[in-house]
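Close look at the chain arrangement
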Amino acid sequence: MSTPKRNRTTSAGEGHATGAKVVKTSHESDSATAGKLPHAHEVQVTVKICSDNDGREIDNIPRFLEASHDAFGGQSWSKQINGFADVGQSRVANCVAKFLRRDSIRSVFWNEMEELSEESSLLAFELFDRYGRLNREYAEHEVRKGSGVWGQELDHGDILMIEKIQVDPLWRRQGVGAKVVGAVLDKARRESRRGFAFVKPVHLTQGTVGDDEKPASDTIGEQAENLKHFFRSLGFRRVGTSAWLAFTHDEFHPARQLDKAQDWDAPVQMKGEQTTPEPIRAILSSLSDPSISGAECVSKIEEGFAVEENAPLQAYADEIGNTILHVAALGRKAEPISYIMSKVPQLAEKREERVVVAVISDSFEGFCQSDIECLAALTGTEIFDLAQLSDEDIWEVSSATDQMASRIRDGIPIRNTLRLKYGCTCGQCIGGFISPKMRFALLTQAEVQHDMLNETPGAHCSRAEWAELNDDVLRHVPRAVQQKLETNKSMRQGFINMCQHIARCLETKRLPNEATILDFCRDEVSEWPPVTSTYLERGGTVAAVAMILFDRAMTQDEWAGDGSIMDAFEDDLNQLPACRNDHEFDFVRAMCGYEEIFT
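As the structure is a prediction and not an experimental result, all values here were calculated from the model.

Things to note about the overall build of the protein chain
- Along its length, the protein chain carries 23 helices and nine strands.
- With 599 residues in all, the protein chain has 50% of them scored as buried.
- Roughly 28700 Å² of accessible area belongs to the protein chain as shown, and the carbon and sulfur atoms make up 48% of that amount.

Here is the structure:
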C-alpha cells in the first residue's frame, strides 16, 4: 500500500520542525558516500519526532529516522503516522500506520472503519464487534483465547494500526526496522497513554523501499513468518487465535511477560499437514457441497468410515484445520451434525474451536430454518418448525410471559426456536431478540420519560411551553399530529401515558410491539378521562412514543452512546446476563415493527 500524500500543515502542539525532539542519537563516520555500505553502528542515526508533514529532511541532517503525522482523509478521529529511515539521499526503511481515536466512532465503528481503508476494515471485522470491543471468544473461549494474555482491556483505548513495514534488503537484520517501528510506537504513545498497536503480518509487505513487488526469492508465507518473528521480537503477541498481533507499552501487562517462544501458534494438526485418505476427503467434500443432501452425507460417512475402520471420525480435518463436525456445521447440514455428535461425542467438546460467528446487522431478519436446525443440533436444543405457524401464532408466543408460554402448546420449543433464530445468547430474550439488558434500558427510559413529561411542565402547560420544551421528544410525531398536541391537553396526557403503558408491557416481559401495547391499552388500562384513547383516535401512534424511547436508550447506552446509563444503574445492569443482542438497538427496534417516521 503506498503512503498517502501528506499535507504541509504544522501539527498543533508540535511546534516547528526545527524544534523537533531528538529521542536517540549515535554518531559515527560517513562511509556511504565512498561506495561502501556502512554498518548500522557506523552510521549517524537520529530519531526525530517532527512536524514537517511532507517528510523532508530537516536542518540539513543527511541521515535520520523520523516519525511524522497528519490528519488522514479529513477524519478528526484518524491520523497518519509514518516512520522513515534515510541514509544520504536513499530511503532504506519506512513504516506506515494509522492512529485511530476509537471512542469517537463507537456507535458507528464498523461503518467508519470499513470506509477508511481495506486494512482498517479487516481489523474491525476480524477482531472487534460493531462497537469496537474485542470479540469475546478471543478472550474467554477455552481454545480461541490462545495464550490468554489479552482480555477486555482491548475494548478500550485508541488504536495504532500498522499497515506497512519495508526495509531495504541490504539494511535488514541491523536494527533499522526495529528503530522505525519503535519511533512510530513512541509517537503513538505521546498521542495517547491508553492505547494498543495492532498488526497482521500476512498483510504487510517487506522488500526494497519504493518497490511494491514481492521479492522473487520470498514466498508470501515466508514473508508473513519473518514478519511475525520480527514483531514478536518487539513485544507484539497474538490476540487469541486470530491472525493479529497486539502491543502495549504497559511493561506489567501479561503480554509483555510472555516469552515470544510461548506465544500461540496453530498446532501442527490445524495446518493440514496430515495425509487424509481419499474416502475421508470425499466425505469432507460432500459436506461442503450444497447439492448433496444431509441424508446423503450421513450415508457417505457410514460408508467411508466402514472402509477406514482404524480411523476414528475425529482424526481428520480439512486443509485449514476444520474437523468433520466443523465442516458439517459450515455446510449447514443438520443431519450429519446430529449423526457425528451421536457417534463421536468427543468432537462436541471441540465444536467451537473454529466456530464462524455470524454478524448481526441492523437489517438482520433472523437465521433461516436450516441454520436454526444446525444450531439446535450443535446445542442439543428442542426446536419447532416455524413454517407450520402463522405470523399471529409466532407473535402470540413472542409476546407471552414465561407463565403464558408454558401453557401454549409447543410454546417452549417455539420460544427456543425464536431465540436461536434471532441470535440470542443469554437464553432469556423476549421474542428471541429483546435481552434482559435491552429490556432494562427501554423500561428505564419509558419510566423516566413518563415522569419527566408529567413534571416539566406537564400536559397542562401553555401551548407555547409545550411546543418549546418537547420539540425533541416529538420528533417522531407527524407535524399534523404535533399541531393537535399543542392545542389539546387531553391528547398530550395520552402521549405521556403511552410511555407508562409501554413500561408496563416491558415490566411484565411482553414484547413491546404496537399490537401488544394496543391490546394492553384495551384490556388492562382504565383511565378517566380516556386520554390514551383520545391520543390514538386523533392520529397519535404507539410508534411515535416507542421510537423516542429507543433513541434515548441508545444515546445513553454504554457502547452505542455516552454510557450514562451505567453511571446511574451499573449495579443493576451487572446483575443481568450478557447477550449478543444487548446493544442492537436498531435491529430490535425494526423487529418490533418500528420504522423511522419522516415528518
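Structural notes on the nonpolar core
- With 64 residues, the main nonpolar core has F433, F495, I502 and Y594 as its most contacted residues.
- Not counting chain neighbours up to four residues away, the residues in contact with I502 comprise P512, I517, V542, V545, A546 and L549.
- Of all hydrophobic cores here, the second largest spans 26 residues; its members include A97, I165, A197 and F236.

So, helix α18 (residues 489-507)
- Between its terminal C-alpha atoms α18 stretches 27 Å, which fits the 27 Å expected from 19 residues at 1.5 Å a residue.
- Counting buried residues in α18 gives 14 out of 19 residues, a clear majority hidden from the surface.
- Phi turns positive one or two residues past the end of α18, at K509, with a value near 60 degrees.

Regarding the environment of M547
- Secondary-structure assignment places M547 in helix α21 (residues 542-555).
- Overall, the relative accessible area of 1% leaves M547 in the buried class.
- Note: C-alpha distance between M547 and Y594 (47 residues apart in sequence) is 6.8 Å.

Comments concerning the side chain of N488
- If you trace the backbone, N488 turns up in the loop between α17 (479-487) and α18.
- On the basis of relative accessibility, which here comes to 15%, the residue N488 falls in the buried class.
- A polar side-chain atom of N488 sits 3.1 Å from the main-chain amide nitrogen of S490.
- The residues touching N488, leaving out its near neighbours within four places in the chain, are T534 and R538.

Notes on a positive patch on the surface
- Together, R189, R190, R193 and R256 give the surface a local cluster of positive charge.
- If you trace the backbone, R189 turns up in helix α4 (residues 176-191).
- R189 gets classed as partly exposed once you look at its relative accessible area, which sits at 34%.

What counts, and where the lines are drawn
- Residues numbered from 1 in each chain as written.
- Predicted model: local features only at pLDDT ≥ 70, side-chain atom pairs only at ≥ 80, totals over all residues.
- Heavy atoms only, no water.
- Helix = DSSP H or I, 4+ residues; strand = E, 2+ residues; numbered from the N terminus.
- Buried < 20%, exposed > 50% of the residue type's maximum accessible area, 1.4 Å probe, protein only.
- Areas by Shrake-Rupley, 256 points an atom, 1.4 Å probe, with all protein chains shown as cover.
- Core = buried A, V, L, I, M, F, W, Y, C linked by side-chain atoms within 4.5 Å.
- Contact = heavy atoms within 4.5 Å.
- Expected span 1.5 Å × (residues − 1).
- Polar contact = N/O pair within 3.5 Å; in protein donor to acceptor, adjacent residues only side chain to side chain.
- Patch = residues over 30% accessible without salt bridge, like charges linked within 9 Å, V, L, I, M, F, W, Y side chains within 5 Å.
- Salt bridge = Lys/Arg side-chain N within 4 Å of Asp/Glu carboxyl O.
- Lys, Arg positive; Asp, Glu negative; His and termini not counted.
- Charge placed at Lys NZ, Arg CZ, Asp CG, Glu CD.

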